Amino acid sequence: MKRAGCLFLAVAPVATAAVFLFGTGSGSGDSQDDKGPKVSAAPSRSAGASSASERAKEDALIAKLPPGLAAADKKELAQQIVASAENSTLDWRGQYDYIEDIGDGRGYTAGVIGFTTGTHDLLTLVERYTKSHPDNGLARYLPALRKVDGTGSHKGLDPGFPEAWVKEAQKAEFRKAQEDFRDEIYFDPAVRLAKLDGLGTLGQFIYYDAMVLHGPGTGPRGFYGLREAAMAEADTPAEGGKEKAYLDIFLDVRRKAMRYKKPDRDTSRIDTAQRRFLYDGNLDLHTPLVWQVYGETFRVP
């Protein structure tokens, strides 16, 4: 595997946290192959002084870099592009009250980034929200959510849970809870690691979309597993590699993972969106942008 020793040390705390939080599965809102994060705990503070020291070095390095995808306008753009693939719309804020079973074996898919009842992230979101808002309308479903976790079952959730979700999503507090959890589990870790890998704004988005679609798992089709596979074939910019070449390989790895169980699966979120931006040389993800997903054209002026 092509990897500089110093870079491995720099990203080790990130990978360790991923294993601790998510095991070897993956998770989020689309029909992933290795979905199933475990997000009920935070990384242990007893990880050791070396990990804390490396984390401080990472923080210092990132603080010197441009904000990239973390800039307010780019983060907004990122949510729009993801929503085009996840919900066929640019209106990602219109998805707080979204909930349905899309038939992927993960139970209900719901909310702003597609949390699911079968893969622990929706359960963890409701548990955390209930700690600060104990009288919320979803709290009474926690016993059922715990029982169906890891399955596609609706037992104990029907018929009232979808209606309760829609109603709760009208509250600003629950909308904020969804965004905060999305950032903590998907957006922030992806952007952070992309910066450590020397990637610009487009690369940071590609990591984020992969985190959303494949989940933050360490298995072969989880985000961290996909990154490892890409790094086995190409050096990251932080290792002295070419950014475009590395991202091209990373997208190849993602595409293969998406079609692992479904060879005819639509991969247009890569083929006519992210790879289009890459081949256009738009590594800073400048607007205007035009792309296609599932045959539909989207534009951001």
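From a predicted model like this one, the values you see are computed outputs, not experimental measurements.

Asks: I keep staring at the overall build of the chain and nothing clicks. Help me out?
Replies: From N to C terminus, the chain includes eleven helices and five strands. For the chain, the residues scored as buried account for 53% of the 301 residues in total. Taking the intrachain contacts of the chain between residues at least 6 apart in sequence as the baseline, contacts between residues at least 24 apart amount to 64%. Roughly 13,000 Å² of accessible area belongs to the chain as shown, and the carbon and sulfur atoms make up 54% of that amount.

Asks: Even after reading the chapter, I still don't get the pairing of strand 4 (residues 289-293), so can you show me in this structure?
Replies: Here strand 4 shows one buried face, formed by Leu289, Trp291 and Val293, and one open face, formed by Val290 and Gln292. As judged from the five bridges shared by strand 4 and strand 5 (residues 296-300), these two strands associate in the antiparallel manner. Its bridge partner being in strand 5, Val293 is matched across the sheet by Glu296. Hairpin remark: strand 4 followed by strand 5, antiparallel, with two residues in the connecting loop; positive phi at Tyr294, about 55 degrees.

Asks: Looking at this model, I keep getting lost on the confidence of the model for the chain. Mind explaining?
Replies: A low pLDDT means the predicted coordinates there should not be read in detail. Taken as a whole, the chain shows an average pLDDT of 87; of its residues, 83% reach a score of 70 or greater. Note on residues 1-48: pLDDT under 50 across the span, and 152 contacts to partners over four residues away in sequence or across chains.

Asks: Mind showing me how you'd approach empty space enclosed by the protein here?
Replies: Over the atoms rolls a probe the size of a water molecule, and its path tells where empty space is left. The tally for this structure, following the rule as stated, stands at one cavity of 30 Å³ or more. Forming the walls of the largest cavity are Ile81, Val82, Ser84, Ala85, Phe205, Asp209, Arg269, Ala273, Gln274 and Val293. Counting only elements with at least two residues in the lining of the largest cavity, the list comes to helix 3 (72-86), helix 8 (201-214) and helix 11 (268-279). Looking at the lining of the largest cavity element by element, the count peaks at four residues for helix 3. Considering only residue class, the lining of the largest cavity consists of six nonpolar, two polar and two charged.

Asks: Before we go on, may I ask you to explain the sheet that holds strand 2 (residues 109-110) in this structure?
Replies: By definition, the strands of a sheet pair up through backbone hydrogen bonds, in either a parallel or an antiparallel sense. Reading across the sheet, the three strands line up as 1-2-3 and stay open at both edges, with antiparallel pairing between neighbours. Of all the strands in the sheet, just strand 1 (99-100) and strand 3 (115-116) have a single pairing partner and so form its edges. Two strands pair when backbone bridges link them, and strand 1 and strand 2 are joined in this way by two bridges, in the antiparallel orientation. Bridge assignment links Ile99 to a residue of strand 2, and that residue is Ala110.

Asks: I'm lost on the packing of aromatic side chains in this one. Help?
Replies: Ring pairs (aromatic) are described by centroid distance and by the angle formed between their planes. Counting across every chain of the model gives 15 aromatic pairs. On the numbers, 5.8 Å between centres and 40 degrees between planes, the contact of Phe115 with Phe181 is tilted. Of the two residues, Phe115 sits in strand 3 while Phe181 sits in helix 7 (residues 172-196), which places them 66 residues apart along the sequence. You'll find Phe115 and Phe181 in the same group, each marked buried. Between the aromatic rings of Tyr246 and Phe250, the centroid separation amounts to 6.4 Å while the plane-to-plane angle is 35 degrees, which identifies the pairing as tilted. Of this pair, Tyr246 and Phe250 both sit in helix 10 (residues 243-258), separated by four residues, roughly a single helical turn. Accessibility classification places Tyr246 together with Phe250 in one group, the buried group.

Rules and cut-offs
- Residues numbered from 1 in each chain as written.
- Predicted model: local features only at pLDDT ≥ 70, side-chain atom pairs only at ≥ 80, totals over all residues.
- Heavy atoms only, no water.
- Helix = DSSP H or I, 4+ residues; strand = E, 2+ residues; numbered from the N terminus.
- Buried < 20%, exposed > 50% of the residue type's maximum accessible area, 1.4 Å probe, protein only.
- Contact = heavy atoms within 4.5 Å.
- Areas by Shrake-Rupley, 256 points an atom, 1.4 Å probe, with all protein chains shown as cover.
- Pairing = 2+ DSSP bridges.
- pLDDT = per-residue confidence, 0-100.
- 1 Å grid on protein atoms, 1.4 Å probe; cavity = no way out; pocket = protein on both sides within 12 Å on 5 of 7 lines; lining within 4 Å.
- Points joined across faces, edges and corners; volume = space filled by probe spheres on them.
- Nonpolar A, V, L, I, M, F, W, Y, C, P; charged D, E, K, R; others polar.
- Phe/Tyr/Trp six-rings, centres within 6.5 Å; stacked < 30°, edge-to-face > 60°.

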